[in-house]
Amino acid sequence: MKNEEKLKGGCICGKVRYQITEQPLFTQACHCKNCKILTGSSYIVYTSVIENTLKVEGKISSSVELKAGSGASYRVYFCNKCGTYLYADYDSAVGRLTLRVKTLDNPDKFPPQAHIFIKDKDSWLNLTDSAICFEKMYDPKTTWPKESLSRIKNYLDNKSKERS
């Protein structure tokens with residue numbers, strides 16, 4: 001990705017800015033009860049990025065350990081000043097971070113490729129593309145683009161070699 005094409009975003013007060021140096025792997029909307037409580041909204045849209053592609057400038061803080069709708073543990077990271085929730089680090093998403101799409105400067109570039117935990121979806125919310133809707137979670141091996149699966153596999157393989 002060329003320098004001028006880097007994806008940028010940040011918090012509402014502007015004290016934290018970030019850039020992603022590679023295209024995200026996959027974008028989804030989560031309708032689980034925990035995400036609704038955490039965001040105060042009907043769902044959250046987030047995109048998975050390889051952990052070393054997120055470059056953050058400014059002071060961020062982490063929350064205590066939380067539980068996702070799947071039961072996986074995770075931490076959210078937010079601006080120290082305004083509290084904007086920027087990204088999360090799920091124990092189950094090794095090598096990846098989940099970035100809140102609406103914190104990107106151009107969030108419309110990344111519409112959800114899947115809606116998960118629609119069993120908890122608000123009854124008044126109508127989703128029109130049932131092919132990308134999942135009662136709970138999906139299998140990334142059959143849902144994610146092959147290119148994304150290849151990139152995360154290569155990253156994890158290289159990271160493993162570095163530790164050896």
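Look a little higher up for the structure.
It should be emphasised that the depicted structure is a prediction, and the values quoted were computed from it without experimental measurement.

Its location among the elements puts D139 in the loop between strand 11 (114–116) and helix 2 (140–143). Between the alpha carbons of D139 and V76 there is a distance of 23 Å; along the sequence they are 63 residues apart.

With that out of the way, let us pick up the side chain of T27. Mapped onto the secondary structure, T27 falls in strand 3 (residues 26–30). Overall, T27 belongs to the buried group, its relative accessible area being 2%. At 2.8 Å, the side chain of T27 forms a polar contact with the side chain of T47. Those residues in contact with T27 that lie beyond four places of it in its chain are V45, Y46, T47, V101, F110, P111, P112, Q113 and A114.

Looking now at helix 3 (residues 146–163). Taking 1.5 Å of rise per residue, 18 residues should cover 26 Å, and helix 3 covers 26 Å from first to last C-alpha, within 8% of that figure. All of the buried residues along helix 3 are S148, R151, I152 and Y155. Across the axial projection of helix 3, the buried residues extend over an arc of 90 degrees, all falling on one side. Pointing more than 90 degrees away from the buried face of helix 3 are the exposed residues K146 and K161. Looking at the buried positions of helix 3, the neighbouring elements they touch are strand 4 (44–50) and strand 10 (96–100).

Conventions adopted
Residues numbered from 1 in each chain as written. Predicted model: local features only at pLDDT ≥ 70, side-chain atom pairs only at ≥ 80, totals over all residues. Heavy atoms only, no water. Helix = DSSP H or I, 4+ residues; strand = E, 2+ residues; numbered from the N terminus. Buried < 20%, exposed > 50% of the residue type's maximum accessible area, 1.4 Å probe, protein only. Polar contact = N/O pair within 3.5 Å; in protein donor to acceptor, adjacent residues only side chain to side chain. Contact = heavy atoms within 4.5 Å. Expected span 1.5 Å × (residues − 1). Arc of directions from axis to C-beta.

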